[in-house]
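Inside the fold
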Amino acid sequence: MTQDQLKQAVAREAIKYVVDGEYVGVGTGSTANFFIDELAKIKDRIKGAVASSEATAARLRSHGIDVVELNQVAILPVYIDGADEITPQGAMIKGGGAALTREKIVASVADKFICIADGSKLVNVLGKFPLPVEVIPMAQAVVARKLAKLGGEPNLRFKDGKPLITDNGCVIIDLVNLKIADPVELERQINQITGVVTVGLFAARGADVCLLGNPDGVKTLTF
Ligand SMILES: O=C(CO)[C@H](O)[C@H](O)COP(=O)(O)O
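Along each chain, the written sequence defines residue order, and numbers are assigned to residues from 1. Reporting in this predicted model follows two pLDDT cut-offs: at least 70 for local features of residues, and 80 or more for side-chain atom pairs to be given and counted; totals over whole chains, interfaces and linings ignore these cut-offs and use all residues.

**With respect to the nonpolar core**
- Counting 65 residues, the largest nonpolar core has Val26, Phe35, Ile80, Cys115, Ile116 and Val133 as its most contacted members.
- Think of it this way: any DSSP run of H or I at least four residues long counts as a helix, any run of E at least two long counts as a strand, and we number them from the N terminus. Broken down by element, this core gets its largest block of residues, six residues, from strand S6 (residues 110-118).
- For the purposes of this description, domain bounds are those given by an automatic or database domain assignment. Here this core spans two domains, since at least three of its residues come from each of domain 1 (3-123 + 204-222) and domain 2 (131-199).
- Once you skip the residues sitting within four places of it in the chain, Phe35 turns out to touch Ala11, Ala14, Val26, Ile80 and Ile116. Nonpolar cores are built from buried Ala, Val, Leu, Ile, Met, Phe, Trp, Tyr and Cys residues. These are joined into a set through C-beta atoms within 7 Å. Counting other C-beta atoms within 10 Å of a residue's C-beta gives its exposure: the residue is buried at 20 or more, exposed at 12 or fewer, and partly exposed in between, where C-beta atoms are placed from the backbone. By the convention adopted here, residues make contact when the C-beta atoms placed from their backbones lie within 7 Å.

Have a look at this one:
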C-alpha cells in the first residue's frame, strides 16, 4: 500500500467519529485533505465544519461543506487532524503545514482529538521531525536565541525564497536536532517565551484517539 492509500484508509475510518447534527473541527495537511474528501460524502449529516486554516476552509467549501467561524460554535464534539509525529502516549508534533496555532485553538474546543496518520508517524521519542514554533515577526531573533538555549538549532522557515508567513501573519521557526524527553515540560517552557504564539508540541493536551494506518489495517490507539 502507498502512503496515500494508508492516509485514505485512516480518513475513512475517522468518519465513524463524526457526530451527526453537529459541527466537526477539521485539521490541515494531506491526511486531513483525505478526511475532507470523505466528509463531503456525508455532508448532509453534519451542521458544518470549523477549519484550522485558510487552505482547509477552501477545500471544505469546494465540496459544498458549510464553514463557520470558531466564535460561532459552542460545542465541537470532535477535531480530526493529522500529525507529523505521535508517541504511544498520544503526544504529537504538529505544524509541518504551518497551521499549528489554529489547529491548537480548534482542538482546544473539541471534546475529542482524533489523530489520523500513517504508521510512519509513530515514534517513541519526539524530535526527529523539526519542532515548529510560530512567532511574532519582530521577536524572531530574540525567540531564536532563547530556543537555541533549549538545545535545538532554530531555523526560520522559508517558502518560495521568502520567510513563510502564516495565516496569522507570523513566522515559523523550526527547531532541529532536538530529542524531546519530556514533551509536556518542553511545551510549557516554550510557551513561556515572550514572542512565541504557539509551539507545535501537542502534549499537555494530546490526542484522545489515534487511527494509525498500516499495511495490515487501521490500528486504533486510545489514550
Ligand atoms: O500539523 C499539520 C499541519 O500544520 C499536519 O497535520 C501535519 O503536518 C501532518 O501533515 P500530513 O497529513 O500532510 O502528513
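**Examining the UniProt feature "active site" (unreviewed entry) in the protein**
- UniProt positions are given in the numbering used here, feature names are shortened, and annotations may be inferred rather than shown by experiment. The UniProt record marks Glu103 with the feature "active site" (unreviewed entry), using the residue numbering of this structure.
- When you line up the elements, Glu103 lands in helix H4 (residues 100-109).
- You can call Glu103 buried: it has 31 C-beta atoms within 10 Å.
- Not counting the four nearest positions on each side in its chain, Glu103 is found in contact with Gly27, Thr28, Ser52, Asp81 and Lys94.

**Some remarks on the sheet that holds strand S4 (residues 85-86)**
- Strands are treated as partners if at least two bridges between them are detected by DSSP. The three strands are arranged S4-S5-S13 in an open sheet whose pairing can be described as antiparallel. Edge strands, defined here as strands with exactly one partner in the open sheet, are S4 and strand S13 (201-202).
- Inspection of the sheet shows strand S5 (residues 92-93) paired to S13 by two bridges, in the antiparallel sense. When the bridges of S13 are listed, Met92 appears paired with Phe202.

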